[in-house]
Amino acid sequence: DESHCERDFLAHKALFDLFRTVQGKPVRSILCVPDSRVDEDRTAEGCYVKRIEADADIVYCEAKHVQSYYTSVAKGSGKAGFRHEYEDRVLILDEVDALVFDADCNDAFVYEIPELTAFATDVAQCLKDGGNVDALPMESTSTKRVAAQVKVAWEELSTKQFEASLIFDPPTGRYFHLTAGRIDVAKWSLSLDCKNFAEGCASKVTYQQRLFVACRPRVFQRYSALIGVTGSLGNDAEQSYLRRVYGAQFFIVPPFLKTCRDAPFHEPVNKGVYVESGRDAQWNKCVDVAFATRQKVPVLIIAKSRNDVEPMVQALQAAAASKGVANSSDIVRSLSRHLFERDRDSFKENLFKATQPIGTGADKNWRISVTDPRGARGTDYRISDKEADAAGGLCLVMLAVPSSNRDWIQYVGRTARQDNRGQYVVVLNREDYTYLDQPAAAPKSAGGAGGVVRSLPPRSSPRVEGFSAANAIDRILQHGAMRDRVRLEGSHESYHRGYRMNQISEAIHESGVLGSLDSKEVFSQLCARYEHLSTDQMDSAAHLVGGFDASKIPRIVPAVGPSANAHAALRACEQSGPQSPEKRSVIPRPQGSPKASAVGGAALGGAGAGPKTVVFALDRSSSMNSKDSGRGERRFETCKKCIMSILENQIASGDEVGIVTFGSDVRTAMPLIRKGAGQGVLSARVAALPKPEGLTAFFDGVSQALQMVGSGRASSKWVVALTDGDDNMSRGQPGGELVTKHLRECQVPVNMIVITVGNTLSNRTTQATSAWVSAAQNRGRFGRHLPVQNAEFIVEAFSTVSELIDMPCGAIEL
């Protein structure tokens, strides 16, 4: 974390200055900061730097700087560089659990390609002058792709959505992206470069490609020693992972005060768990608890997300005013990440005042501060008032229990710090935990995970049986531990693929085979798609990079099999290389992959069949709010991300896309839009999809999707529908008869894919889905039902969809 890193560096800088190296020279300590902050350096030695410098003795930085330094060594001096640069270097990882478990272990790094930058600039100049881009010389796959991408980026400049995402910075004379209301100088996009070029703010359009994959465990293992520090490394699965991947040893250091005689040490006290029946009831309880508690101690509310903080602050300030509390803007303050990024001085002031009293004597009371999950990790809330300490100390009010036990320890660790007392209250919305809808065994401790529990009166018809105030914390953490165990087991393949791709990246850069644009293009495609390939397929694809022989690289990690998208990924790598009529594939088709065949004399409408019209019919009934997709998010949010991924990777600029959602009613969430003309609009429309609520008009939703896809201009038409429940709101087609009729009689046949989630769907739904699939197949088109028994496999289902849509014409065997 950038802020904590800077805080700790400045706190210890004077100590470092007291030391000398073995050569008698002063120890040089540096802090890595964003480019825009280097000029903020006020130290005499110039300690603020953009990246790790090899001659520094002590470096404070984020993980991205460690990996960036590694790739520069790998690209520059290869194996000899590793031996020299990492000899006797020690890596100390603070909050090691968040770094190792909560972040993807593999990262792709991009680099500017000067030849493609020059060509992208020529394309942009041609568009600026109103010329014909197709008349430019395009002799390679790379230049053709760059031309297409620059044209799409140029079209985006005229969209209101794109314009609203930018801000002009007078000191630099350039446009930048906005993030959280402030200039984001680190965020780059091809459209942004085109904007600056079009407005005369830049002389070129920079073009970058992925040309290195770094696997974090492999990077960390380069160091002569690793020391990880954390206060919340917990369950057996996580410790087993660290032993296996890093060879870790574990040492428990007791809290300092427990090592001192007669020193008080306090655990946080649970002052109550409330499980309310809905969002409004949860909010009312939160307000009641916060305003009652602030009479004696400071209150810190931990919101569910950073986006919830500012609306909550405004609502609490309004509540304070309605209660006759004077100066409500001082009483209720924000400690959100947004505020930190926008105005650090205001954030620091609010952090200081969060634990300072208002008034004295009988008039003394305290502030209510609101933070997000980021503020619940690592931030030090210091309280020194003896009266507040005697009343129980800083009180946390949590509106959600994190699913990870590590996060839970961090949350409650914001109070009862040093020798002070601390307390917390949990106020939950029952609707946020519908995934815990099965009765569970009684918790191991009578008081749940934290001591005293205040139960709610029983509701007349509880929506989540077996989930109550008495067991809520235990139930959530138990489910999270099970999910973490599954996730870590599933991360093995990602780790092994990333490790092998890291080895290949090192060797390819050392070999010097990336001299041509064609080689860079193939390797860029491999870096973008390796996660779908088996380790053997990765080696085969690497052979396309100037004949590189990956078989000579020692296999350190076990072999991994391919994903459902492997064949499409291999084709992308193969087709990105030099093209000629005599060219033949060097990549064997994986066993069990689809064979090319014609069906009924009709060509199937895939990516190779020219432009496509694709319409998604997405369930937005209340059950899609269930947080059981295996990613700590609602089913609906997972579906949105999957659809966005398909729009970015499988939908070409000339394709049309539309979205229909269905709950108790059917809505056109996004009418047909051509991607090239509305790329900026697509992201906004997907992000703004209405929240799930109500029942399920599944059949009517698919009917409307078929009507929409029928109005599209492309001959290759696709409907992708997803539901997690039986239809209970459609009219005039109790068994989906209108959908079947449309598929049989529509003028242009439609490819039909249906994803069903859950194992409780009725025969009526199954029979309807089967009829639709058969109707599409009988007309020579593609039909597939993808049943997903467990919501954690929604992503895999969409991965199959992306492969099918991406198939070239005639490549699918029915």
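This is a predicted model, so every value here is computed, not measured.

As summarised here, the arrangement of the 3 strands in space is β2-β1-β3, forming an open sheet in which the pairing is parallel. Lying at the two open borders of the sheet, with one neighbouring strand each, are β2 (48-49) and β3 (58-60). As defined by bridge partners, strand β1 (residues 29-32) adjoins β3 across 3 bridges and the pair is classed as parallel. Considered in β3, the bridge of L31 is made with Y60. Packing against the sheet, helix α1 (residues 2-16) makes contact with β1, β2 and β3, and its axis sits at approximately 170 degrees to β1.

Between helix α5 (residues 141-156) and helix α7 (residues 190-198), the least distance of the axes is 9 Å, while the angle of their chain directions is 70 degrees. Relative to α7, the element α5 lies roughly perpendicular. The crossing of α5 and α7 is right-handed. Across the interface between the two elements, Q149, V150, A153, W154 and E156 of α5 pack against L190, S191, C194, F197 and A198 of α7. Considered class by class, the residues forming the contact of α5 with α7 number 7 nonpolar, 2 polar and 1 charged.

Okay, helix α21 (residues 635-649) next. The end-to-end C-alpha separation of α21 is 21 Å, in line with the 21 Å expected for 15 residues at 1.5 Å each. Residues R635, F636, T638, C639, K640, C642, I643, M644, I646 and L647 constitute the buried set of α21.

Quick look at the environment of E803 now. Tracing the backbone through its elements, the reader meets E803 in helix α26 (residues 794-806). The class of E803 is buried, set by a relative accessible area of 8%. Separated by 236 residues in the primary sequence, E803 and H567 place their C-alpha atoms 8.2 Å from one another.

Under the counting rule described, the total for this entry stands at 15 aromatic pairs. Aromatic pair W718 and F782: ring centres 6.1 Å apart, planes at 45 degrees, arrangement tilted. Residue W718 is found in strand β20 (residues 716-723), and its partner F782 is found in the loop between α25 (763-778) and β22 (783-788); the two are separated by 64 residues along the sequence. For the pair W718 and F782, one class covers both residues: buried. Each member of the aromatic cluster is reached from another via a ring pair, and the members are F662, F698, F699 and W772. We note K195 situated over the ring of Y175; from NZ or CZ to the ring centre the distance is 5.0 Å. Lying across the ring of F291, K323 places its NZ or CZ 5.4 Å from the centre.

A few words on the pairing of strand β18 (residues 656-662). With 7 of 7 residues buried, β18 is to be regarded as a mostly interior element. By the bridge criterion, 7 bridges tie strand β17 (residues 612-619) to β18 in an arrangement that is parallel. Its bridge partner being in β18, F616 is matched across the sheet by I659. Of the pairings in the sheet, the one linking β18 to strand β19 (residues 666-674) comprises 6 bridges and is antiparallel in character. Paired with F662 across the strands is V666, a residue of β19. A loop of 3 residues connects β18 with β19, the two strands running antiparallel in sequence.

Another aspect to go through is a nonpolar patch on the surface. On the surface, V90, I92, I227 and V229 cluster together to form a nonpolar patch covering roughly 350 Å² of accessible area. Of all the elements in the fold, those that place two or more residues in the nonpolar patch are β4 (90-94) and β10 (225-229). Take V229: it is sitting in strand β10. According to the relative accessible area criterion, V229 is partly exposed, its value standing at 41%.

With mixed pairing, the 6 strands of this open sheet are ordered in space as β19-β18-β17-β20-β21-β22. If you trace the sheet from one side to the other, it starts and ends with β19 and β22, each paired once. Sheet twist, expressed as the mean angle between neighbouring strand axes with direction ignored, is 10 degrees. Across 7 bridges, β17 lies against β20 in parallel orientation. Paired with T613 across the strands is K717, a residue of β20. Set on the sheet, α21 makes contact with β17, β18, β20 and β21 (751-757); between it and β17 the angle comes to about 175 degrees.

What counts and what doesn't
- Position labels on residues start from 1 in each chain and follow its written sequence.
- Where local features are concerned, this predicted model is filtered to residues with pLDDT of at least 70; where side-chain atom pairs are given and counted, the filter is 80 or more; whole-chain, interface and lining totals use all residues.
- In computing side-chain values, all of the structure's heavy atoms are included and hydrogens and water are not.
- Two strands make a pair as long as DSSP finds a minimum of two bridges between them.
- Helix and strand labels come from DSSP, where a helix needs a run of H or I of at least four residues and a strand needs a run of E of at least two; each type is numbered from the N terminus.
- Working rule for contacts: check all heavy atoms of both residues, and any pair within 4.5 Å makes them a contact.
- To obtain an axis, a line is fitted to C-alpha atoms, over the contacting stretch when the element is a helix, and the angle between two such axes runs from 0 to 180 degrees between their N-to-C directions.
- Roughly parallel here means an angle under 35 degrees, roughly antiparallel means over 145, roughly perpendicular means 65 to 115, and every remaining angle is called oblique.
- Definitions for this section: a left-handed crossing has its near helix turned counterclockwise from the far helix by less than a right angle. A right-handed crossing has that turn clockwise.
- Amino acids outside the nonpolar list (Ala, Val, Leu, Ile, Met, Phe, Trp, Tyr, Cys, Pro) and the charged list (Asp, Glu, Lys, Arg) are all regarded as polar, and Gly is one of them.
- Between the first and last residue of a helix there are one fewer steps than residues, each counted as 1.5 Å, and that sum is the expected span.
- The buried label goes to any residue with under 20% of its type's maximum accessible area, the exposed label to any with over 50%, and the partly exposed label to all in between, with areas taken from a 1.4 Å probe on protein chains only.
- Pairing of aromatic rings covers Phe, Tyr and the six-membered ring of Trp, with a centre-to-centre limit of 6.5 Å; geometry is then stacked below 30 degrees between planes, edge-to-face above 60, and tilted otherwise.
- Comment: the charge-over-ring label is applied if NZ (Lys) or CZ (Arg) is within 6 Å of the ring centre and within 35 degrees of the ring normal.
- Residues form patches when they are more than 30% accessible in relative terms and have no salt bridge. Like charges link within 9 Å. Nonpolar side chains (Val, Leu, Ile, Met, Phe, Trp, Tyr) link within 5 Å.
- For the accessible areas, the method is Shrake-Rupley and the probe is 1.4 Å, while residue cover comes only from the protein chains on display.
- Salt bridge, as used here: a side-chain nitrogen of Lys or Arg that lies within 4 Å of a carboxyl oxygen of Asp or Glu.

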